[in-house]
Amino acid sequence: MDNWHTRTTEEVLRELTSSSANGLTSTDAEERLQQYGYNELEERGGKSALRMLWEQFTQTMVLILIVAAVISGFLGKEVETIAIVAIVVLFAVLGFVQEFRAEKAMAALKSMVVPTVRVRRDGAVKEISAKELVPGDVVLLEAGNVIPADMRILESANLRVQEAALTGESEAVEKSTEALPSPEMPLGDRTNMLYLGTNVAYGRGAAAVVETGMKTELGKIANLLQDVGDKQTPLQKKLDQLGKILAILGFAAAALMLVIGVLGGEELDEMFLTAVSLAVAVVPEGLPAVVTITLAIGAQRMLKRHALMRKLPAVETLGAVTIICSDKTGTLTENRMTVTTIGLPDELIDFKPEHAETIDVPHKAALALTIGMLCNDSVLKTGTEESLQVIGDPTEGALLLAAQQAGYRKEELEQQLPRVHEEPFDSTRKRMTTVHQITPEATKLAALRNVKSDNNYIACTKGAVDSLLKITTNVWVDGAPERITAEWHEQLLEINNQMAQNGMRVLGLAFRELQEPHNNGNALEEDLTFVGMMGIIDPPRAAVKAAVATCRTAGIRPIMITGDHPLTAAAIARELNITQSSEAVTGEMLNKFSEDELADVIARVSIFARVSPEDKLRIVEMLQKKGEVVAMTGDGVNDSPALKTANIGVAMGITGTDVAKEASDMVLLDDNFATIVAAVEEGRVIYDNLLRFIKFSLGGNLGKVLTMLCAPLIGITVALSPLQLLWLNLLTDGLMGLGLGTEPAEADTMKRPPRAPDQSVLTKTEVIYVSWTGTVIAIVTLLIGSYYLSAGNEQSTAWQTMIFATIGFMQMGNAFGLRAYGYSPLSIRSNKLFFIMATLTLILQLAVIYVPGVNNIFDLQPLEIKDLAIAFGTGILMFALVFLENTFNRKSRKETTIA
């Protein structure tokens, strides 16, 4: 049965065939357990560890490397085989570890289920395992309990429940037993319902279980979480496409080389080896290793900026983000209720912590702050002001914190004005009253300066403004009471409405003077003097406004998706400049939209409030259908399906639930929305650096391929051996590429629009770059090879050593020319690792040429100094050409930079 919230308690019990006083019988409970099953979340079969490991070896680039390793093994090339296998194993192990960790989301979700509960069965209270709960059980609840199933409230004594993890509502929700009218009401507004995994913050009550296990709202989230398939990052897709292209080109080049050689009269086995060499030259064997290591180094840099990357490929995906869908509570806001406005009858005071000392407390807000602190059951933990923590209701905590920031201390006030009587809050009266004895010391307080000296007690009342005004006869103005008039009444309601429209929860404050604590048996809550009202809201984080502005500059659109109230959401969104529109779409409205209507709404609306987990998922999926790369931030259980579906799921590290963290790609360790902007910048830098490596590697590989293909034209059958090619691909290209992978951010990194999600790794610009650099390397290398071959060195390996050295040094020059724009290409400070790698590459390159024994393995011979200088000079030539081309392109790109 659906819509339990629209039924009366009698109808619910009748439908469940249960009793509020006696609960179920043991027999009924056993039969229902057989019918409905255990109250637990079911985990559907995910990927096995073996399958995860297998999938690491099925990526195109890895398959190419495996084929190359097998062929090298058959040809007896042990060194090449071992080197390639080592790369494959490294790539696979890192990928497996990342994916294995991602499968833990369901385990975290299951851990939220409660172990034991108190129920009424057979007319007695019993303690049973929560997994044995069945529909119809009557559960007893008190403050601190975790809700064990979805339940309809039967009894409520000031029951308030913290539902932030499920609905996004930052404030504890006051619960009641009354039936509600609307079947389509969002979860956050169903005040007579309790949901599995939420917490009782205050009061006590009893409730009937209506849904268990996978049929609960938490169970629906578990289903959504498990229905979400694995997603490939943009980088993984593009590298897969690139791998397929290179595989085809490598095969074609190898076949062409084999045909040319055989037709030219060369031996078949010799030409087969040459063809394999050419295929090796086409494939950038170092690419998977450099990509993995670059991402890992990027992840370490992000960790220093308080962003923990859980899935390595997601590091780069951040750079492609076009939309950030952010939860409000605990993400954009502090998740701490705070007084931001004090509404006095004749003035609105902006009350911010940093402005507290500028408020004229003795004359304007002293009495309001005093009442807020006295009529209060919460306490503050002792410590510095920055570390104060609320124990109790968050709203009452906000009143305490405001008074504390204005110089009041609860312990001192309670000594001067000890509490002697109280009438607790209830949902019918919508107010709370405490009575305090006025001691001689209290008469010295500025707040009580005008209290009559012959009155011994003061009653302090707080509650809903409209509720207080019904029992108010005076209004407190300039430190004295005035008779309330229709004009005053209207003005106070206007202030209340204005504050509510700004998304605040408004509490009215009033008092009356008494001769004795119980008012001689008469009602306490009458003839009140209305003092003012407090506007309370969960305020935005300090750094978020600047972070939102940076997002917009970077071409990223922020969207707020929250379970909170539309007015509150709109107020926060306007303050942060997420949007200046007050239009907010609720979950109830979303359910009525067709797919086309939803697409139109998403294009123009930036606030979605009172949404369910299914709504969040639908919004993210629609944005992805429109071609957006979506980052979803959040901290609650309700965020986890959307976190897992989004291209980048970002969970909060401090306030985030384990479920949200396990479903995410990244965890913000400081819970600061601004950190995601820093992470996006790192993602863009990493993509820029990977692009540098791909251009550098493919340009060099094209140069090697053209050298190999065209070498027969100058009388050279095999220009470079497979081992020499592998050395240049893995060591020279790999080490220099790793250095390029850690280049710093360029000045315009966050002033550019995000790259198009469907943009290929090799755009027209990159293809042109690879083409001309490869051609230059081949022409220069062949000219030098031809010269040394014709100089009477046919029987020596000097010509091959010069070809080997020329390609190595030209690639080093290529790398220096590709360094980050805005820094000197020879700068050591901007990227120390690059210079370490460049120095290591130079040493190793010289070692294989000059170290005896090593050069024999590589079929090389020592070069004379003048020959080495010629080879080194080609590297300088390459650097000059690349640097000039890079500078020209950067200047032309400024025209497309976002202003």
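Everything numeric in this text was worked out from a predicted model, so none of it was measured.

Draft legend 1. Geometry of the sheet that holds strand S22 (residues 585-586). An order of S8-S26-S25-S24-S9-S21-S23-S22 is seen for the eight strands of this open sheet, with the pairing classed as mixed. Of all the strands in the sheet, just strand S8 (307-309) and S22 have a single pairing partner and so form its edges. Its contacts with the sheet put helix H22 (residues 595-604) on strand S21 (557-561), S22 and strand S23 (607-609), and the angle it makes with S21 is roughly 115 degrees. Relative to strand S24 (residues 630-634), helix H23 (residues 613-625) is tilted by about 160 degrees, and along the sheet it contacts strand S9 (323-326), S21, S23 and S24.

Draft legend 2. Looking closely at the environment of Ala29. Positionally, Ala29 belongs in helix H2 (residues 26-36). Separated by 92 residues in sequence, Ala29 and Arg121 have C-alpha atoms that sit 8.5 Å apart. Here Ala29 is in contact with Leu24, Arg121 and Val134, once residues within four sequence places are set aside.

Draft legend 3. Spotlight on the side chain of Thr887. Within the secondary structure, Thr887 is located in helix H32 (residues 865-893). From its side chain, Thr887 meets the backbone oxygen of Phe883 in a polar contact 2.8 Å long.

Draft legend 4. Spotlight on the pattern of salt bridges. Tallied over the full model, the rule gives 28 salt bridges. Residue Glu334 pairs with Arg336 through a salt bridge whose shortest N-O separation is 2.4 Å. The partly exposed category is assigned to Glu334, whose relative accessible area is 29%. Owing to a relative accessible area of 32%, Arg336 belongs among the partly exposed residues under this scheme. Residues participating in the shared-partner salt-bridge network are Arg301, Arg305, Glu681 and Glu682.

Draft legend 5. Examining unusual backbone geometry more closely. Look at Asp478: it is not a glycine, yet its phi comes out positive at around 55 degrees. By secondary structure assignment, the location of Asp478 is in the loop between strand S17 (472-477) and strand S18 (480-483). Located in the positive-phi region is Asn577, a residue other than glycine, with phi close to 65 degrees. Residue placement: Asn577 occurs in the loop between helix H20 (566-575) and S22.

Draft legend 6. Seen up close, helix H26 (residues 673-710). For H26, which comprises 38 residues, the first-to-last C-alpha distance of 56 Å matches the rise-based estimate of 56 Å (1.5 Å per residue) to within 8%. With 32 of 38 residues buried, H26 lies mostly within the body of the structure.

Draft legend 7. Seen up close, the nonpolar core. Ranked by size, the top nonpolar core spans 125 residues in total, and within it Met666 and Ile676 carry the most contacts. For this core, the element with the most residues is H26, which contributes 15 residues. Among all residues touching Met666, those that are not within four sequence positions of it are Ala307, Leu308, Met309, Arg310, Leu318, Gly649, Val650, Ala651, Ile676 and Ala679. Counting residues in hydrophobic clusters, the runner-up holds 43 residues, among them Leu399, Phe425, Ile438 and Leu445.

Draft legend 8. Seen up close, the layout of surface pockets. Taken as a whole, the largest pocket spans an internal volume of roughly 1200 Å³. Lining the largest pocket are 40 residues, and of these Glu171, Ala172, Glu174, Arg505 and Val506 sit closest to its centre. Of all the elements, strand S19 (residues 505-514) adds the most residues to the lining of the largest pocket, at three residues. The class makeup of the residues in the lining of the largest pocket is 14 nonpolar, ten polar and 16 charged.

Draft legend 9. Broad picture of the packing of helix H28 (residues 764-790) against helix H29 (residues 798-817). Where H28 meets H29, the axes come as close as 9 Å, and the angle between the chain directions of the two elements is 150 degrees. Taken together, the axis directions place H28 and H29 in an arrangement best described as roughly antiparallel. Helix-helix and strand crossings are classified by hand; for H28 and H29 the assignment is right-handed. Here Tyr769, Val776, Ile777, Val780, Thr781, Ile784, Gly785, Tyr788 and Leu789 of H28 lie close against H29, whose contacting residues are Trp799, Met802, Ile803, Thr806, Ile807, Met810, Gln811 and Asn814.

Draft legend 10. Inspection of the pairing of strand S2 (residues 124-129) at higher detail. Pairing of strand S1 (residues 116-121) with S2, which is carried by six bridges, proceeds in the antiparallel orientation. Bridging from a neighbouring strand, Arg120 pairs with Val125 of S2. From the end of S1 to the start of S2, which pair antiparallel, there are two residues, and Asp122 there has a positive phi angle of about 55 degrees.

Draft legend 11. Summary view of the pairing of S1. Sheet topology places S1 next to strand S3 (residues 138-142); three bridges connect them, and they run antiparallel. Looking across to S3, one finds that Val119 is bridged to Val139.

Draft legend 12. Summary view of a nonpolar patch on the surface. Side chains of Val85, Val89 and Val93 sit close together on the surface and give an oily, nonpolar patch of about 220 Å² of accessible area. Position of Val93 among the secondary structure elements: in helix H5 (residues 78-102).

Draft legend 13. Structural view of the environment of Thr472. Looking at where Thr472 falls in the secondary structure, it is placed in strand S17. Classification of Thr472 as buried rests on a relative accessible area of 8%. A sequence separation of 40 residues divides Thr472 from Arg512, and the C-alpha atoms of the two residues are 9.6 Å apart. Apart from residues no more than four positions distant in its own chain, Thr472 is found in contact with Ile484, Leu528 and Phe530. At a separation of 2.7 Å, a polar atom in the side chain of Thr472 contacts the main-chain carbonyl oxygen of Leu468.

Draft legend 14. Focus on the side chain of Thr579. Assignment of secondary structure puts Thr579 in the loop between H20 and S22. By relative accessible area, Thr579 is classed as buried at 15%. One polar contact links the side chain of Thr579 to the main-chain amide nitrogen of Ser581, over a distance of 3.0 Å. Residues contacting Thr579, with those up to four places away along its chain left out, are Arg552, Ala573, Arg574, Ser606 and Ile607.

Calculation rules
- Residues numbered from 1 in each chain as written.
- Predicted model: local features only at pLDDT ≥ 70, side-chain atom pairs only at ≥ 80, totals over all residues.
- Heavy atoms only, no water.
- Pairing = 2+ DSSP bridges.
- Helix = DSSP H or I, 4+ residues; strand = E, 2+ residues; numbered from the N terminus.
- Contact = heavy atoms within 4.5 Å.
- Axes fitted to C-alpha atoms, helices over the stretch in contact; angles between N-to-C directions.
- Polar contact = N/O pair within 3.5 Å; in protein donor to acceptor, adjacent residues only side chain to side chain.
- Salt bridge = Lys/Arg side-chain N within 4 Å of Asp/Glu carboxyl O.
- Buried < 20%, exposed > 50% of the residue type's maximum accessible area, 1.4 Å probe, protein only.
- Expected span 1.5 Å × (residues − 1).
- Core = buried A, V, L, I, M, F, W, Y, C linked by side-chain atoms within 4.5 Å.
- 1 Å grid on protein atoms, 1.4 Å probe; cavity = no way out; pocket = protein on both sides within 12 Å on 5 of 7 lines; lining within 4 Å.
- Points joined across faces, edges and corners; volume = space filled by probe spheres on them.
- Nonpolar A, V, L, I, M, F, W, Y, C, P; charged D, E, K, R; others polar.
- Parallel < 35°, antiparallel > 145°, perpendicular 65-115°, else oblique.
- Left-handed = near helix turned anticlockwise from the far one by under 90°.
- Patch = residues over 30% accessible without salt bridge, like charges linked within 9 Å, V, L, I, M, F, W, Y side chains within 5 Å.
- Areas by Shrake-Rupley, 256 points an atom, 1.4 Å probe, with all protein chains shown as cover.

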